[in-house]
Amino acid sequence: MKKDNFSSKMSLASAMVIFGTIGLFVRNIALPSSIIAFIRGAVGALFLVLFCLATKKKFSFSAVKEKLLLLCLSGGAIGINWILLFE
């Protein structure tokens, strides 16, 4: 049980360190915040596709079609959040 607790804490700490260093990179990139947010989203999508291919996970287009409006709204909200964060 203690090993899982340590692993969870290390995962959280790693995520916080990664998230906390975003400002250092964004500050030194001479691009508008909207372009940085778009590139970040594209890189994230690429990694998700590569992960799904590597683990041979099936992609359900019917599930996406069913929740398309919610996915578009949440994606737009995250995009606006990132643009404002990087501004």
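Just above sits the structure.
Residues numbered from 1 in each chain as written. Predicted model: local features only at pLDDT ≥ 70, side-chain atom pairs only at ≥ 80, totals over all residues. Heavy atoms only, no water.

With respect to the packing of aromatic side chains
Geometrically, a pair of aromatic rings is defined through the distance of the ring centres and the angle of the planes.
Step number 1: For the structure shown, the criterion picks out 0 aromatic pairs.
Step number 2: Over the ring of tryptophan 82 we find arginine 40; its NZ or CZ atom is 4.3 Å from the centre of that ring. (Phe/Tyr/Trp six-rings, centres within 6.5 Å; stacked < 30°, edge-to-face > 60°. Lys NZ or Arg CZ within 6 Å of the ring centre and 35° of its normal.)

Some words on the nonpolar core
Step number 1: Judged by nonpolar contacts, Ile22, Val26, Ile36, Ala37 and Phe86 together constitute the single largest core of 5 residues.
Step number 2: Listed by contribution, the elements that provide at least two residues to this core are helix H2 (22-27) and helix H3 (33-54).
Step number 3: Setting aside residues no more than four positions away along its own chain, valine 26 makes contact with Ile36 and Phe86. (Core = buried A, V, L, I, M, F, W, Y, C linked by side-chain atoms within 4.5 Å. Buried < 20%, exposed > 50% of the residue type's maximum accessible area, 1.4 Å probe, protein only. Helix = DSSP H or I, 4+ residues; strand = E, 2+ residues; numbered from the N terminus. Contact = heavy atoms within 4.5 Å.)

Description of the layout of surface pockets
Step number 1: Within this model, the largest pocket holds a volume of roughly 290 Å³.
Step number 2: Ile18, Thr21, Ile22, Phe25, Val26, Ile29, Ile36, Ile39, Arg40, Val43 and Phe86 are the residues that line the largest pocket.
Step number 3: Going through the elements one at a time, H2 and H3 are the ones with two or more residues in the lining of the largest pocket.
Step number 4: Residue contributions to the lining of the largest pocket peak at 4 residues, all from H3.
Step number 5: Across the lining of the largest pocket, the residue classes tally to 9 nonpolar, 1 polar and 1 charged.
Step number 6: Approximately 160 Å³ is the volume found for the second largest pocket.
Step number 7: If you go around the second largest pocket, the residues you meet are Leu48, Phe59, Leu71, Ser74 and Gly75. (1 Å grid on protein atoms, 1.4 Å probe; cavity = no way out; pocket = protein on both sides within 12 Å on 5 of 7 lines; lining within 4 Å. Points joined across faces, edges and corners; volume = space filled by probe spheres on them. Nonpolar A, V, L, I, M, F, W, Y, C, P; charged D, E, K, R; others polar.)

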